[in-house]
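Residue strings, one per chain:
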Amino acid sequence: MQKTILITGSTDGIGFETAKTLLSLGHNVLIHGRNKEKLKRVEDTLNEFSKNIPVKTYCADLSNLEEVKTLAENISKNHKNIDVIINNAGIYKTTSPITKDGFDIRFVGNTIAPYFLTKLLLPLFNKDSRIINLSSAAQAKVDIDAIKGKVLLNHGEAYAQSKLALTMFTIVQAQELKNKVSSIISVNPASLLATKMVKEGYGIIGNDITIGSNILLAMSLDKKFENIKGEYYDNDNNKFALPHPFGQNIENCKIIVDTIEEILLAKFE
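Here's a quick rundown of the structure. (Residues numbered from 1 in each chain as written. Predicted model: local features only at pLDDT ≥ 70, side-chain atom pairs only at ≥ 80, totals over all residues. Heavy atoms only, no water.)

**Some remarks on the overall build of the protein chain**
And step 1. Assigned secondary structure in the protein chain consists of nine helices and eight strands.
And step 2. Counting only C-alpha atoms, the protein chain reaches 50 × 40 × 40 Å along its principal axes.
And step 3. For the protein chain, the accessible area works out to roughly 12100 Å², and carbon and sulfur atoms hold 50% of it.
And step 4. Between the averaged position of the 32 positive side-chain charges in the protein chain and that of its 30 negative side-chain charges there is a distance of 4 Å. (Helix = DSSP H or I, 4+ residues; strand = E, 2+ residues; numbered from the N terminus. Areas by Shrake-Rupley, 256 points an atom, 1.4 Å probe, with all protein chains shown as cover. Lys, Arg positive; Asp, Glu negative; His and termini not counted. Charge placed at Lys NZ, Arg CZ, Asp CG, Glu CD.)

Here it is as structure tokens:
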């Protein structure tokens, strides 16, 4: 059965590999990137793999919350349903860590944007839809002041905290949407894969990228990932696992969501 699948950050890396395979299987894939020229080149490349189903492309900078809102509006205009959303886009290293609104770009891109985009697209989901949030093995106790932009962290710490924050909001969303979608999962696709992020951040080539794309494919399509709500999957060990201890406390998770909601309310009130 053909599915409509949105993958953010799909102009390279794991997102691109996942899109390529999904298209070859006959699915309707919506790809996203922040650079129009690169997005067009990727569109042309991916169309070679599609089975007479043209790739749909959407351009938006997810570190800009206005663009996240516009992205959701454009997708909603063009599509009646979303079967799977893969919140894959992420930021590790940057020379400009502060957004125009004064927030840490790592938290905006890795935590606030996927939460906001998913929330805006909820009317397109159904009881069989799946939400897949890209986490990481790198997780650290979250400083709420860092999410609010009051504390600036180094690259590694900001990345680890923002990925745990994503894992934590997944737990809360799972409770809120337990009767509205099939699955809400956060996943470490595998450590140190051959992505641009790993090369820039660690200076290494990395491991076979299909390790990551294969788990995203399985989570998008396989029955064994149906009806799973709020769990964290560690693909380094091929099993569901517990996140960082700070993320295991539901009250901490709710504080993360409340903080994100406060930021969004202040931005769009």
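From this point on, the discussion continues.
**Looking at the pattern of salt bridges**
And step 1. For the structure on display, the rule yields 14 salt bridges.
And step 2. Lys69 serves as the salt-bridge partner of Glu73, at 2.9 Å between the closest nitrogen and oxygen. Highlighted residues: Glu73 and Lys69, both in helix 3 (residues 65-78), separated by four residues, approximately one helical turn.
And step 3. Here Lys223 and Glu226 are joined by a salt bridge, their closest N and O atoms 4.0 Å apart.
And step 4. Exposure remark for Lys223: the relative accessible area of 66% places this residue in the exposed category. (Salt bridge = Lys/Arg side-chain N within 4 Å of Asp/Glu carboxyl O. Buried < 20%, exposed > 50% of the residue type's maximum accessible area, 1.4 Å probe, protein only.)

**Re unusual backbone geometry**
And step 1. Not every positive phi belongs to a glycine, and Asn227 is a case in point at roughly 55°.
And step 2. Even without a glycine there, the phi angle at Asn238 is positive, about 55°.
And step 3. Residue classification places Asn238 among the exposed residues on the basis of a relative accessible area of 55%.

**Quick look at the sheet that holds strand 1 (residues 4-7)**
And step 1. Overall, mixed pairing links the eight strands, which are arranged 3-2-1-4-5-6-7-8 in an open sheet. This sheet does not close on itself; its edge strands, each paired only once, are strand 3 (56-59) and strand 8 (239-241). Direction aside, the axes of adjacent strands within the sheet are offset by 25° on average.
And step 2. Sitting on the sheet, helix 3 touches strand 1, strand 2 (28-33) and strand 3, and the angle it makes with strand 3 is about 160°. (Pairing = 2+ DSSP bridges. Axes fitted to C-alpha atoms, helices over the stretch in contact; angles between N-to-C directions. Contact = heavy atoms within 4.5 Å.)

**Some details on the packing of helix 3 against helix 9 (residues 250-268)**
And step 1. In the contact formed by helix 3 and helix 9, the axes pass within 11 Å of each other and the chain directions differ by 85°. In terms of orientation, helix 3 and helix 9 fall into the roughly perpendicular class. Across the interface between the two elements, Leu65, Glu66 and Lys69 of helix 3 pack against Leu264, Lys267 and Phe268 of helix 9.
And step 2. In terms of residue class, the contact of helix 3 with helix 9 is made up of three nonpolar, no polar and three charged. (Parallel < 35°, antiparallel > 145°, perpendicular 65-115°, else oblique. Nonpolar A, V, L, I, M, F, W, Y, C, P; charged D, E, K, R; others polar.)

**Points about the pairing of strand 1**
And step 1. The alternating pattern of strand 1 places Thr4 and Leu6 on one face and Ile5 and Ile7 on the opposite face, and all of these are buried.
And step 2. In this sheet, strand 2 lies alongside strand 1 in parallel orientation, the contact comprising four bridges. By the bridge assignment, Leu6 is partnered in strand 2 with Leu30.
And step 3. Running through helix 1 (residues 13-24), the crossover from strand 1 to the neighbouring parallel element strand 2 is right-handed.
And step 4. Alignment of strand 1 against strand 4 (residues 84-87), held across three bridges, turns out to be parallel. Residue pairing for strand 4: Leu6 is matched across the bridge by Ile85. (Right-handed = clockwise from strand over helix to strand, strands pointing away.)

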